[in-house]
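Below are the chains, spelled out letter by letter.
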Amino acid sequence: MAVVAGVDYGTLSVRVSVVDSERGRLGSGVADYPLNRRRDDPDYATQSHADHMRALVEAMGKALASAKAPGETIEAIAVDTTGSSVIPVDENLEPIDDYYLWCDHRAWREAALITETAHRTGLPAIQWCGGVYSSEWGFSKLLHWLRHNPGKRGRFFTALEHCDMAAATLCGIRDPLQAPRSICAMGHKWLWNDSLGGLPPEEFLVEVDPLLKGVRERLAGRYATSDCIAGGLSGEWASRLGLRAGIPIPVGAFDAHWDAIGAGVQAGDVVNVVGTSTCIMAIAPSASLIPGVCGVVPGSVHPSMAGIEAGLSATGDIFDAIARRAGTTVAALSEGLDAYRAGQTGLLRLTWDNGDRTVLVNPELGGVTFGWTLMHTAQDELFAAIEGTAFHTRVIFDRMAGHGVPIRRVINGGGVPQKNEVLNRVYANVLNKPVLVPETEVTSLGSAIFAFLAAGTFHSVEEAQHRLCPKYRVIEPQAEAAAVYEELYPAWRSTYFGLGRKTAEPVAMGGVLPLLRRIAKEAHNRNDAATDVA
């Protein structure tokens, strides 16, 4: 028997779970930290390293108390974070500025420049991240910071992903060149590819912008998968956290990738990690290129398999925004939503409220809703947004399946599916596949699994999953609803590609609104007929 701590940094809070190798989760604690936004710049999103570490101390204390576990019994600690969340540091690994959080899209111009330069110069690595570099990723964020902070450049030594900065801090590492570098983070967000020699060549980076001169060399470190050890917990942080000094800390990773492990992902599965955004994760024995998909990186999810990442830039954030505009909460707005039928709102929602992560990779897009009438409500919009995120997910599944990724099981992981049964039902009907939902929450379970590997408790990911991952409840598609969505999907798909690409061929839109109205009327007629029978 062993006990470990799994740490999961999300967009607004950190969760620490204390997990027993035989009894499972013993207790957990959560602590919040601010997300810095600017009303005059919707692309702006930053967070403080000091806030993150303060919250970790608070959450660890709560978790140990909840689990009734003395800190000295913890045998390892593992940390996953959001990403690409990038922080510039000096030669002593001290932050120079706040993190550019994953949802900070200010670097869209830099991302477009990197994409253009990569294709013009024939950089092979661009193909492994779907052919388009994103404003959510490392080099674009770093270049934006360098361009807009000339007074701080003199102190700049390198930049780290949050998962690597957290691990280095806990280990007491002060030399940036000795910091762990997560292959998960660097492979998906920094164009790192082992088969291509690692990071892009210096000449390419200088061609993008001379400000990047010398950055490649200073992005050195110990590149590794998460079955490797970043170091031992330092005395300083052992004291702050109430744990033993020296316990092992594995190389970190992104939250969605470890959430997929906690959800029990196997080859042939696709895991929708649905939270503020959606990360769509899959693993496969070998890697192949998938256009428009965020990345295919060996070892990024499972250390021995290729990790495939795609996703939506906003999901839960869209639901929250709809509720906020209506002066209520998502929970209150969802009351009665289970009575809605497929297509009954007459709305077609393109969920680009925070841009498009996959497959268009375009942060300049904004949310679009077709079919408004004077009678529509915020609840109607919420249901249409759930349908829209499901249609977007189906577009991504189609792209993955078209490039050799088998989709035998769909698992809805993350926090939202645990409390939103309507979403699970809509996804099953839109995808026309059974959707598996873990019976208990899996957030931070993946980090606990890698902590157990670091402690030597389990010898493989599969052994740990077999012992720790929860069972599933299955939501089967409903034939009538699936048929409605099968009729709506071509209209949603053609609108998605027609409006989302500057170079798109003209799309015939004249049939969209009549289709929405007809399907809505048919749904209401079925509701009326069901009421009459009752």
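This text gives an overview of the structure that appears in the document.

Procedures and definitions
Residues numbered from 1 in each chain as written. Predicted model: local features only at pLDDT ≥ 70, side-chain atom pairs only at ≥ 80, totals over all residues. Heavy atoms only, no water. Pairing = 2+ DSSP bridges. Helix = DSSP H or I, 4+ residues; strand = E, 2+ residues; numbered from the N terminus. Axes fitted to C-alpha atoms, helices over the stretch in contact; angles between N-to-C directions. Contact = heavy atoms within 4.5 Å. 1 Å grid on protein atoms, 1.4 Å probe; cavity = no way out; pocket = protein on both sides within 12 Å on 5 of 7 lines; lining within 4 Å. Points joined across faces, edges and corners; volume = space filled by probe spheres on them. Nonpolar A, V, L, I, M, F, W, Y, C, P; charged D, E, K, R; others polar. Buried < 20%, exposed > 50% of the residue type's maximum accessible area, 1.4 Å probe, protein only. Salt bridge = Lys/Arg side-chain N within 4 Å of Asp/Glu carboxyl O.

**Here's the deal with the sheet that holds strand E23 (residues 472-475)**
- Within the open sheet, the 7 strands sit side by side as E17-E18-E16-E15-E21-E22-E23. Their pairing is mixed. Since the sheet does not close on itself, it has two edges, and those belong to strand E17 (295-298) and E23, each with one partner. With direction set aside, neighbouring strand axes in the sheet form an average angle of 25°.
- The sheet contact formed by strand E21 (residues 409-413) and strand E22 (residues 435-438) spans 2 bridges and is parallel. Considered in E22, the bridge of Ile411 is made with Leu436.
- The strands touched by helix H14 (residues 421-431) are strand E15 (269-274), E21, E22 and E23; relative to E23, the strand with the most contacts, the crossing angle is about 55°.

**Focus: the layout of surface pockets**
- By volume, the second largest pocket is sized at about 400 Å³.
- Along the walls of the second largest pocket sit 16 residues, with Val132, Leu360, Val361, Asn362 and Lys502 positioned nearest its centre.
- The element that contributes the greatest number of residues to the lining of the second largest pocket is helix H2 (residues 108-121), accounting for 4 residues.
- Counted by class, the lining of the second largest pocket contains 8 nonpolar, 5 polar and 3 charged residues.

**Examining the environment of Ser444**
- Structurally, the position occupied by Ser444 is in the loop between E22 and helix H15 (445-455).
- Considered as a pair, Ser444 and Ala5 are 439 residues apart in the sequence and their alpha carbons are 8.8 Å apart.
- With residues up to four places along the chain from it excluded, the contact list for Ser444 reads Gly6, Asp8, Arg15, Ser17, Arg25 and Asp259.

**A word on the environment of Arg23**
- Mapped onto the fold, Arg23 is located in the loop between strand E2 (13-20) and strand E3 (24-32).
- Taking relative accessible area as the criterion, Arg23 reaches 60% and is therefore assigned exposed.
- On a C-alpha basis, the gap between Arg23 and Val3 in space is 9.5 Å, while along the polypeptide they are 20 residues apart.

**Here's the deal with the side chain of Thr495**
- Take Thr495: it is sitting in helix H17 (residues 479-500).
- Take Thr495: its relative accessible area is 1%, and that puts it in the buried class.
- Leave out the neighbours within four places in its chain, and Thr495 touches Leu348, Leu350, Trp352, Phe370, Gly500, Met509 and Val512.

**Structural notes on the pattern of salt bridges**
- Considering all chains together, one arrives at 25 salt bridges under this definition.
- Arg106 serves as the salt-bridge partner of Asp104, at 2.7 Å between the closest nitrogen and oxygen.
- Of the charged contacts, one joins Glu110 and Arg147 as a salt bridge, the two residues approaching to 3.1 Å between their closest N and O atoms. Here Arg147 lies in helix H3 (residues 138-148) and Glu110 lies in helix H2, a separation of 37 residues in the sequence.
- The structure contains a network of salt bridges with shared partners spanning Arg325, Arg349, Asp353 and Glu381.

**Considerations on the sheet that holds E2**
- Across the sheet, which stays open at both edges, the 5 strands sit in the order E3-E2-E1-E6-E14 with mixed pairing between neighbours. With one partner strand each, in any of the chains shown, E3 and strand E14 (253-254) form the two edges of the open sheet.
- Relative to E14, strand E6 (residues 74-81) is paired through 2 bridges, and the arrangement is parallel. Residue pairing for E14: Thr81 is matched across the bridge by Phe254.
- With respect to the sheet, helix H1 (residues 49-67) is in contact with strand E1 (3-9), E2, E3 and E6, its orientation differing from that of E3 by roughly 145°.

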